[in-house]
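Listed here are the chains, written in short residue letters.
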Amino acid sequence: MAFLYPLYLVALAAGVIPLVIHLLNRRQQKRLRFPAVRFVLISQRRVARTYNLRNWLLLAVRTLAVLLLALLLAHPLWETGVGLAARGAPLTTAIIVDNSLSMEVRGDGAPFDEARDAAGLILEALDEGDRAAVIATNPVGSVAPALKTPEEATLKDLDPLAVSAGTADLTGALRTAYRLLRGAGGQKALWVVTDLGVAGWDRLSLPSVGEFDPTVPVKIVTVGAAETPASATIKTLESRTTDVAPGLDLELAATVVNFTAGEIPGVTARLTIDDKVRDEKQVTLPAGAEATVGFRFKLERPGSHSGHVSLHGDGFSGNRRHYFTIHTRDRLNVLLVDGDPQRALVASETFFLSRALNPSGDLANSVLLPEVILAGALGQVNPEGYQVVTLANVPDLPEAFVARLAAFVEGGGGLLLSLGDRVTAAEYNRLLWRGPVPLLPGPLGERRRVPLDQNVGVDALDAAHPALAAFGDKRLLDSLRAARVSSYFEVTPTGGRVVMRLSNGQPLLVEKEVGKGRVLLFTTSVDSAWNNLPLKTGYVPLMQSVVSYMAGGSRGTVDTGITAGESKHWTVAPIHAGLGLRVVDPRRSEKAVTFIALNGKAGGAFHANHFAGIYRVVPHSADMDVAGLYAVNPPVLESRLERMGAEELERKLGPVDHEVMAAGVLSGGGSRTDLALALVVLLMATLLFEGWLGQRNYE
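Residues numbered from 1 in each chain as written. Predicted model: local features only at pLDDT ≥ 70, side-chain atom pairs only at ≥ 80, totals over all residues. Heavy atoms only, no water.

Caption draft 1: Structural view of the nonpolar core. With 45 residues, the main nonpolar core has L357, M500, L520, Y539, L542, M543 and V546 as its most contacted residues. Ranked by residues supplied to this core, first place goes to helix α12 (residues 539–550) with 7 residues. Those residues in contact with M500, other than ones at most four positions away along the chain, are V458, A460, L461, L468, L480, P507, L508, L509 and L542. With 35 residues, the next largest nonpolar core counts L335, V394, A406 and V510 among its residues. (Core = buried A, V, L, I, M, F, W, Y, C linked by side-chain atoms within 4.5 Å. Buried < 20%, exposed > 50% of the residue type's maximum accessible area, 1.4 Å probe, protein only. Helix = DSSP H or I, 4+ residues; strand = E, 2+ residues; numbered from the N terminus. Contact = heavy atoms within 4.5 Å.)

So this is what it looks like as structure tokens:
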């Protein structure tokens, strides 16, 4: 038997009130030995015995009436079986269905199918006038849960339910359930159909649910096998390559974890890229431990690539795929024009720069391909064969070359200008500032020599500039700020953007956009003649980042994706505010993202990353610098298939009355009957009998 309002059972204690009244009203007879009334006394004892019997009956009837009233207030319900079918007052039911990933990976999806069947049995047992709502622990659609009658096709609410790649949000689901039940009258019921996976139930916080009703019992229906199967998954996937480009050796390392106490032998880890198997390795997973599997491969073309590492073998469950994307640019040809060559190679103007762009000297495995020429060869050079041209302390610029250089930049090329003692400001201003196409971001002023005691260094950096993205690392930033500059050219930026400044406020690195290309002016030298920057740790990432930026964007990357349920963010140029992109998820459902202006940039986010796999991004315009693919992977702990234990469950639910049952018992059905009407009838009969008995006269 259950009670709709068990709090009123406290009123059962009032059943002693008639007894107390009875005891207080007992008469204390006095013995009077008077012969004349002897016969009266004999008659009185006979009548008193009759009255005593009546009083005891009255006491019993009145006590029964009080108890019946208390039970009526508590609203008892008579249940048989699991009380699946409701009878009596209208029933309002909230059904929470666990659609986290563990419901699928625990036995190839069978637990989720079992959960849908169990929820269907509960819905089919509803009567006319009842209402129910189906609530998913991981909402994957846009329709909010709502109470519906059976006639409003509540069963159809089970059709769109699908397993997500995330962890069950039981706190949110219970919050929604109690909100829906709060305003309902009559009988209430709350069902949770789940595999009791520890990853989701561990996150449950009853205080975070907010306002909950402890009088509504929670019936937890468990699905899936009772024993915990062997489980393993890919814990992490890491890239061991710094340069990502076609033709270069790329390395990935997958860490595979075995969550169970037994060894899992004969597991095949397979690497697939662009739907082609590239490599596979055999591995044995020790009990409760991890193993690392490495892959080496090459890509044949630039662009975006999708891939995954998958596990194959018998006798274990768990998520078996980890998705990733690779974004590559073609290898970059960089022309370095040395304006101050020296017999000693280390003294040449481009010595440090060329080694910063290719530290290993291995051109076969470098994404940056620097080529050094002397300034005297400029007349025969065509910049069109390069992505970036660097003029390092070049004194003489042939006018024909300047015209080709201007066309190169306007067409999308990158130009890095660095200065030195061989540069004449007047000649540079004539050719590059007052020429047909002004390439300088501002006219050059005088050369300044800094006395040693002034200690001028790098001070202000535009941290939001893409060319300085690597300097979020404090060690690299401190390295740049520790550099000292002894000479530089003054420049007054006109239409340019100052990317770096010296500590005395003078520009150090200034950017200007020319047509589709970019020009960056370094107001000091790129060797160690005017500064000690080449001797600092930050020099190599600075030059590589600047050259990559001028070539049109970031360097190639291996993106191991985000976790299901997280948001994907983009930041693009401010001109794209109000525009956006479309996101196509692995199930080919498409949604739009609109960018908004924020802090000098434009950005947006996509939140519906519910499914594991590769998401395709379609930007509004081709000049929007966003990767065309990104990956979403499940939380690792969703493959830990242990069940929440009874003690932990009691600790989680605390004051809420709850019962755990297997899904199989639902097939037995059962009923749930409201006893209120029967109690009312019995109470009225009791009161009528009490009234008749109380008025009866025996004299």
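Caption draft 2: A look at the sheet that holds strand β13 (residues 303–312). The 5 strands are arranged β11-β10-β13-β14-β25 in an open sheet whose pairing can be described as antiparallel. Each edge of the open sheet is held by one strand with a lone partner, namely β11 (276–285) and β25 (557–559). Taking each pair of neighbouring strands and ignoring which way they run, the sheet shows an average axis angle of 20 degrees. Across 8 bridges, strand β10 (residues 264–273) lies against β11 in antiparallel orientation. What sits directly across from R270, in β11, is E280. (Pairing = 2+ DSSP bridges. Axes fitted to C-alpha atoms, helices over the stretch in contact; angles between N-to-C directions.)

Caption draft 3: Here's a closer look at the environment of V540. Note that V540 resides in helix α12. Sequence spacing of V540 and L357 is 183 residues, and the spatial spacing of their C-alpha atoms is 7.0 Å. Every residue in contact with V540, bar those within four places of it in the chain, is listed here: A356 and P359.

Caption draft 4: Fine view of the sheet that holds strand β29 (residues 590–594). Reading across the sheet, the 5 strands line up as β26-β33-β32-β28-β29 and stay open at both edges, with mixed pairing between neighbours. The outermost strands of the open sheet, each flanked by one partner alone, are β26 (562–563) and β29. Pairing between strand β28 (residues 580–584) and β29: 5 bridges, direction antiparallel. The residue of β29 that forms the bridge with G580 is T594.

Caption draft 5: Looking closely at the environment of T137. Here T137 shows up in the loop between β5 (131–136) and α5 (170–182). The class of T137 is buried, set by a relative accessible area of 2%. Distance from T137 to T194, taken between C-alpha atoms, is 9.6 Å for residues 57 residues apart in sequence. Discounting residues that sit within four places of it in the chain, T137 has contacts with I96, V97, D98, N99, S100, A168, D169, L170 and A173. Among the polar contacts made by the side chain of T137, one reaches the side chain of N138 at a distance of 2.8 Å. (Polar contact = N/O pair within 3.5 Å; in protein donor to acceptor, adjacent residues only side chain to side chain.)

Caption draft 6: How the structure looks around the packing of aromatic side chains. All told, the structure shown has 7 aromatic pairs when counted by the stated rule. With centroids separated by 5.2 Å and ring planes inclined at 85 degrees, the aromatic side chains of F351 and F352 adopt a geometry described as edge-to-face. Residue F351 shares its accessibility class with F352, and that shared class is buried. Three or more aromatic residues link up through ring pairs in this structure, and these residues are W570, F606, Y615 and Y630. The ring of F316 has R320 lying over it, and the distance from NZ or CZ to the ring centre is 3.9 Å. Over the face of the ring belonging to Y549 we find R518, whose NZ or CZ atom lies 4.2 Å from the ring centre. (Phe/Tyr/Trp six-rings, centres within 6.5 Å; stacked < 30°, edge-to-face > 60°. Lys NZ or Arg CZ within 6 Å of the ring centre and 35° of its normal.)

Caption draft 7: Here's a closer look at the side chain of K512. Considering the arrangement of structural elements, one finds K512 in strand β23 (residues 507–514). Buried charge K512 goes without a salt bridge, the closest partner of opposite sign being E410 at 9.5 Å. Of the polar contacts made by the side chain of K512, one reaches the backbone oxygen of L440; its length is 3.2 Å. Leaving out residues up to four positions away in the same chain, K512 has contacts with W433, P438, L439, L440, P441, G517, R518 and V519. (Lys, Arg positive; Asp, Glu negative; His and termini not counted. Salt bridge = Lys/Arg side-chain N within 4 Å of Asp/Glu carboxyl O.)

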